[in-house]
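# Structural characterization, general
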Amino acid sequence: MMMDPAVLALATLGLVDSISFMIVAPSLAFYVEKLGGTQDAYGFILAVYSFASFCGKPILGRWSDAHGFLVPYMVSISLSNLGGLLYALAPAFTYSRLTLVAIGRILGGLGRANSALGFAYVARALPVSKRTSVTSILGGVQMIGMAIAPLFSALLADVNFDLFGIHFDNLNSVGLVLFVINFLSQVLVYFLLPDLAPNNLDEEFDQDDKESEWSKMLRFIVTIPHIGIPFLTIFTFNFNWQFIETALAPASADALGWSPVQVSYVLGAMAILVFLGMTSVHKLSQMGVTDFTLLCYGLLANALGYLLLYISWQRDASVAAFVIPVFISAGSFAFLGAPNRSLFSKSVDATPELRGLEGTMQALLSMASSVGGFTAPSMVAHYCLRTPAMVDASVDAREFTPVALLSPALGFVIFVANMVVGEPEEKVAETDSDESLCHKAEDMNDTEVMDEATPLNGNRRKSDGDSPHKSIDKMHQSRRRSLLETSYVRGSCNIGPSNDVDIFTVDP
């Protein structure tokens, strides 16, 4: 497979995103303690990161629908840069040091909200048949980042220097790493990622539609199972992932006497397993295995892994009893990610009323993931995980309370829901404008157009609003929409080879 520059840019963002999270997670508790914080402060700072990401995703998603992807990416990565600096410089202040760390994590979370833009970009630029494959590649790269993040932690273990009168050690130097890698990804995205044209609706469509966009999207999420169930799936995905990340350190310390080093090794091994799973999903998808089949397998495997987690995590258990359920669960996540996104994109494409809102819908789906991210740590810590004293007083010596059975129950319930509603039909939205788009595209084949802004030519930085002639602007917009949409809609529309727009080059 040859990686297109656009895929490279998106993959780099995913890599940086995962590294940024994983180099903070193992050391944050020690950083907060060093700055005088409590365990509650640690839980709060951990949660506000995901909550900020949750809040930022709909804003970036709608922004990309209305104005393209470049500016939202640049702004969000800049927020990540600033958040990294605040995280690093917090010890230099006498007061409000924990507040600065929290603000730094909030800004980092707002920056991380651009993860929704990557999925929206793929949904906009690729035909249905290629989405699962490319999404698996991007997810696999994220897992590589999570696997190599412990190496960064090891390299930072002996950091001890002063810069501009500020002391840096293995804890606050993490912020410098965040700044550097996010800045490098920002440069790469600016030069390699072609911007897509705004995904605005036609004026006549806006005039006829009296229902607000947000109420329309909410209505379809609630009333169409093939759109609503993916929200539950991605919530379960992130909730269960955070379940292990939250519980592993304290449970393993009590049961096995582990330190953060052993915890990092297990988290790194999890990432490797997820990467291998992503590779399997990519290959199976190319072989013709349906997204629905892949997803159902992932849900069952996830439910089994978390059931074993509850049963086998006991004090004085063997290392194998601790890690095998973790690895079974980790192997299931790849089958919950890309197939779920692909099925969701197909269902959105098949709904004419959601045309022009694809980016926002992808952002809303990512928000459901963030909800799982910021609810799991507090719930697991307070209701699922036993303290050492509680384990002493228990009869079974388990590290979890029965509330922890919620995790396997979520996977099983969503599996049943998918079996009840069945696999969504493979179709795309049919709108009144489809035929006219085809005719417009055919007419444009014989028309010389100057200064056309397509995603790959030299004028990609030029916005539609820069055109001095409104009629030419609308003609450009119509052609761009026809090229991006009719390239994969089944029907009689035939775009000539000279007019093909191929954002990604994916060779099987």
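Residues numbered from 1 in each chain as written. Predicted model: local features only at pLDDT ≥ 70, side-chain atom pairs only at ≥ 80, totals over all residues. Heavy atoms only, no water.

### Quick look at the confidence of the model for the protein chain
For any part of a model where pLDDT is low, the fine detail of the predicted coordinates should not be relied upon. Confidence along the protein chain averages 79 in pLDDT terms, with 80% of residues attaining 70 or more. A low-confidence stretch, residues 202–208 stays under pLDDT 50, and its non-local contacts, those more than four residues away or across chains, total eight contacts. (pLDDT = per-residue confidence, 0-100. Contact = heavy atoms within 4.5 Å.)

### Notes on the pattern of salt bridges
According to the stated counting rule, one finds nine salt bridges in the structure shown. A salt bridge links D17 to R112, with the nearest nitrogen and oxygen atoms 3.2 Å apart. With D17 in helix α1 (residues 5–34) and R112 in helix α4 (residues 97–112), the pair connects residues that are 95 residues apart, well separated along the chain. On the basis of relative accessibility, which here comes to 13%, the residue D17 falls in the buried class. Members of the salt-bridge network, linked through shared partners, are R62, D65 and R124. (Salt bridge = Lys/Arg side-chain N within 4 Å of Asp/Glu carboxyl O. Helix = DSSP H or I, 4+ residues; strand = E, 2+ residues; numbered from the N terminus. Buried < 20%, exposed > 50% of the residue type's maximum accessible area, 1.4 Å probe, protein only.)

### Considerations on the nonpolar core
Formed by 75 residues in total, the largest nonpolar core has its most connected members in I23, F243, L309, W313 and F400. Setting aside residues up to four positions removed in sequence, F243 forms contacts with Y306, L309, A376, V380, C384, F400, A404 and S407. L10, L70, A125 and L126 belong to the second-largest nonpolar core, a separate cluster that totals 26 residues. (Core = buried A, V, L, I, M, F, W, Y, C linked by side-chain atoms within 4.5 Å.)

### Side note on the side chain of D291
Along the polypeptide, D291 turns up in helix α12 (residues 291–312). A polar atom in the side chain of D291 sits 3.2 Å from the side chain of K346. Residues contacting D291, with those up to four places away along its chain left out, are T132, P339, S342, L343 and K346. (Polar contact = N/O pair within 3.5 Å; in protein donor to acceptor, adjacent residues only side chain to side chain.)

### Quick notes on the packing of helix α10 (residues 225–256) against α12
It is at 12 Å that the axes of α10 and α12 come closest, and there the two elements cross at 30°. As the angle between them shows, α10 and α12 are arranged roughly parallel. Our pair here, α10 against α12, has a crossing hand that is left-handed. Of the residues in α12, those in contact with T233, N240, W241, F243 and I244 of α10 are L295, L299, N302, Y306 and L309. Taken together, the residues that form the contact of α10 with α12 break down as seven nonpolar, three polar and no charged. (Axes fitted to C-alpha atoms, helices over the stretch in contact; angles between N-to-C directions. Parallel < 35°, antiparallel > 145°, perpendicular 65-115°, else oblique. Left-handed = near helix turned anticlockwise from the far one by under 90°. Nonpolar A, V, L, I, M, F, W, Y, C, P; charged D, E, K, R; others polar.)

### Looking at a nonpolar patch on the surface
The grouping of V180, F183, L184, V187, Y190 and F191 at the surface amounts to a nonpolar patch, some 580 Å² of accessible area in total. With respect to the secondary-structure elements, F183 resides in helix α7 (residues 173–192). (Patch = residues over 30% accessible without salt bridge, like charges linked within 9 Å, V, L, I, M, F, W, Y side chains within 5 Å. Areas by Shrake-Rupley, 256 points an atom, 1.4 Å probe, with all protein chains shown as cover.)

### Notes on unusual backbone geometry
In this structure, F164 takes a positive phi of about 55° despite not being glycine. Given the relative accessible area of 78%, F164 is considered exposed. Positioned with a positive phi, A397 is a non-glycine residue whose angle comes to about 60°. By relative accessible area, which is 23% here, A397 ends up partly exposed.

### A look at α10
When the terminal C-alpha atoms of α10 are compared, their 44 Å separation across 32 residues agrees well with the 46 Å that a helix rising 1.5 Å per residue should span. The principal kink in α10, of about 40°, is found at L248, preceding the proline P250 by one to four residues. Burial within α10 is extensive, with 23 of its 32 residues counted as buried. At the C-terminal side of α10, G257 shows a positive phi close to 75°. (Expected span 1.5 Å × (residues − 1). Bend = angle between axes of the 7 residues up to and from the residue.)

### Focus on the environment of R315
For R315, the position within the fold is in the loop between α12 and α13 (319–349). Overall, R315 belongs to the partly exposed group, its relative accessible area being 23%. Residues R315 and E399, spaced 84 residues apart in sequence, show a C-alpha to C-alpha distance of 6.9 Å. Once residues within four sequence positions are removed from consideration, R315 is found in contact with D254, A255, P388, V391, D392, A397 and E399. Among the polar contacts listed, one links the side chain of R315 to the side chain of D254, at a separation of 2.8 Å.

### Re the packing of α10 against helix α14 (residues 358–384)
Two elements in contact, α10 and α14, have axes whose closest approach is 7 Å; the angle formed by their N-to-C orientations is 35°. The interaxial crossing formed by α10 with α14 has right-handed handedness. Looking at the contact of α10 with α14 residue by residue, the class counts come to 19 nonpolar, eight polar and no charged.

### Here's the deal with the packing of aromatic side chains
Here the structure, examined in full by the defined rule, presents 18 aromatic pairs. Pairing F51 with F54 gives two aromatic rings, centres 6.0 Å apart and planes at 25°, and the pair type is stacked. Of this pair, F51 and F54 both sit in helix α2 (residues 39–67), three residues apart, which is roughly one turn of that helix. Residue class for F51 comes out partly exposed when judged on its relative accessible area of 42%. Geometrically, the ring pair formed by F161 and F168 is stacked, given 5.3 Å between the ring centres and 25° between the ring planes. For F161, a relative accessible area of 35% puts it in the partly exposed group. Overall, F168 belongs to the buried group, its relative accessible area being 2%. Through successive ring pairs, a cluster of aromatic residues spans F243, Y306, W313, F322 and F400. It is R105 that lies over the ring of Y49; its NZ or CZ is 4.1 Å from the centre. The lysine or arginine in question, R112, covers the ring of F21, its NZ or CZ lying 5.4 Å from the ring centre. (Phe/Tyr/Trp six-rings, centres within 6.5 Å; stacked < 30°, edge-to-face > 60°. Lys NZ or Arg CZ within 6 Å of the ring centre and 35° of its normal.)

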